[in-house]
Amino acid sequence: MADLFCLSKEIEFRQEYFYRNSLAEENRQKENHAAINIQSWFRACKVRACISHLHKKAVIIQKIWRGFRARSRFRQMVKAAYFIMKMNFYDEMAVRIQQRWRGYYVRKYVHSFYARKNYLENITMKNEQVRKDLDELEELQRRERKRLEMVKEQKAKVYQAHRLHHLVSTKQRPGVFNSPFRRGPHEMELLLRQVKYLAPTRLTSRDRAFQLGTPGPAAPNFPETLESPRIKRTHSQHSSRPTLPPIVSKKPQTSYTLLQDVQNNLRQSAQLQCIYTAHLCQQDS
């Protein structure tokens, strides 16, 4: 009974083993395929993790290398810029030194500053002196013109007095210019008493324009005195007048010397004219 039970148990075990082996054979290919998938997925995860790790490390390495290269390049650029800045500074300083030296050399040896300053001061002083001399010359010329106008006016008065001598006062009847209502005789009356009658002549068309006062170029030239041209003077009267110096012709000179000579000649002529007028006044008195 026991042997039968053991045999039955062995048969059941064998059937169970066979059944399970058959089931295992049926599922072995699926399990093998599933294991392969699991292994490939796991290995892929490991590879992907390794690749990701390597990628991160490569990015870090590249970042460090690129930063090193950029810093090295930036240092080179800074060195080049600093070198250019130093060269520009040195060039500017050299230009300033050369400018100062050339200015000093030119002022010292080529165009002396003090000599030019003295030259400009002398030019300024000379200009002031020339202006002053020109003002004096203008004043002398103005006085000369005024004197000539006075002489011309006096000559005109004398000429008119000669032409109007018939209006002089007489003992029997006073003249036109000797009004009884005046305290003293008129200037023309005194002039008419000093001059003599001038015989009338035929006047030309040019002389008619000067008939009322101003003598024309064809009119007789009377002296500056108030006496008649018909009065004859002796040799002693003529010799009492001072003789004027002759006019000496000079060679053309420079502008400055010519201006000074003209001023001197005008002063001398003015002095001689004053002396001559004073002498005539003494003789008339």
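Structure: above.
Residue numbers here run from 1 along each chain, matching the order of that chain's written sequence. For this predicted model, a pLDDT threshold of at least 70 governs which residues receive local features, and a threshold of 80 or more governs which side-chain atom pairs are given and counted, while totals over whole chains, interfaces and linings are taken from all residues. Here the side-chain values reflect all heavy atoms present in the structure, with hydrogen atoms and water set aside.

Chemist: What should I look at first to understand the pattern of salt bridges in this one?
Modeler: Oppositely charged side chains can pair when the atoms bearing their charge come close. Salt bridge, as applied in this entry: a Lys or Arg side-chain nitrogen positioned within 4 Å of an Asp or Glu carboxyl oxygen. For the structure shown, the criterion picks out five salt bridges. In this structure, K157 and E153 form a salt bridge, with 3.9 Å as the shortest nitrogen-oxygen distance. Of the two residues, K157 and E153 are both situated in helix α2 (residues 113–163); the distance of four residues between them amounts to about one turn of the helix. Exposed residues in this analysis have more than 50% of their type's maximum accessible area, buried residues have under 20%, and partly exposed residues fall in between, with area computed by a 1.4 Å probe over protein chains only. Using a relative accessible area of 25% as the deciding quantity, one classes K157 as partly exposed. Via salt bridges that share partners, E139, R142 and R143 belong to a single interconnected network. Comment: elements are numbered from the N terminus, with helices defined as DSSP H or I runs of at least four residues and strands as E runs of at least two.

Chemist: Explain a nonpolar patch on the surface here, please?
Modeler: Residues W101, Y104, Y105, V106, Y109 and V110 make up a contiguous nonpolar surface patch of about 640 Å² in total accessible area. Relative to the helices and strands, W101 is located in helix α1 (residues 2–110). Patch building starts from residues that exceed 30% relative accessible area and form no salt bridge, then joins like charges within 9 Å and nonpolar side chains (Val, Leu, Ile, Met, Phe, Trp, Tyr) within 5 Å. For every accessible area listed, the method is Shrake-Rupley and the probe measures 1.4 Å; residues are considered covered only by the protein chains on display.

Chemist: Please clarify how the packing of aromatic side chains should be interpreted in this entry.
Modeler: Two aromatic rings are characterised by how far apart their centres lie and by the angle between their planes. Any two of the Phe, Tyr and Trp rings considered here, Trp counted by its six-membered ring, make a pair once their centres fall within 6.5 Å; the pair's planes then place it as stacked at under 30 degrees, edge-to-face at over 60, or tilted in between. Under the criterion given, the structure shown has five aromatic pairs. Ring plane angle 45° and centroid distance 5.2 Å describe the contact between Y105 and Y109, whose orientation is recorded as tilted. With Y105 and Y109 both in helix α1 and four residues apart, the pair spans about one turn of that helix. Under the relative-accessibility criterion, Y105 is labelled partly exposed at 40%. Ring pairing ties together the aromatic residues W101, Y104, Y105 and Y109, which thus form one cluster.

Chemist: Would you mind going over helix α3 (residues 187–194) with me for this structure?
Modeler: Owing to its 3.6 residues per turn, the α-helix brings residues three or four apart onto one side. Those residues of α3 lying buried are M188, E189, L191 and L192. Buried residues of α3 fall within an arc of 165° about the axis and therefore sit on the same side. This arc corresponds to the set of directions leading from the helix axis out to the C-beta atoms.

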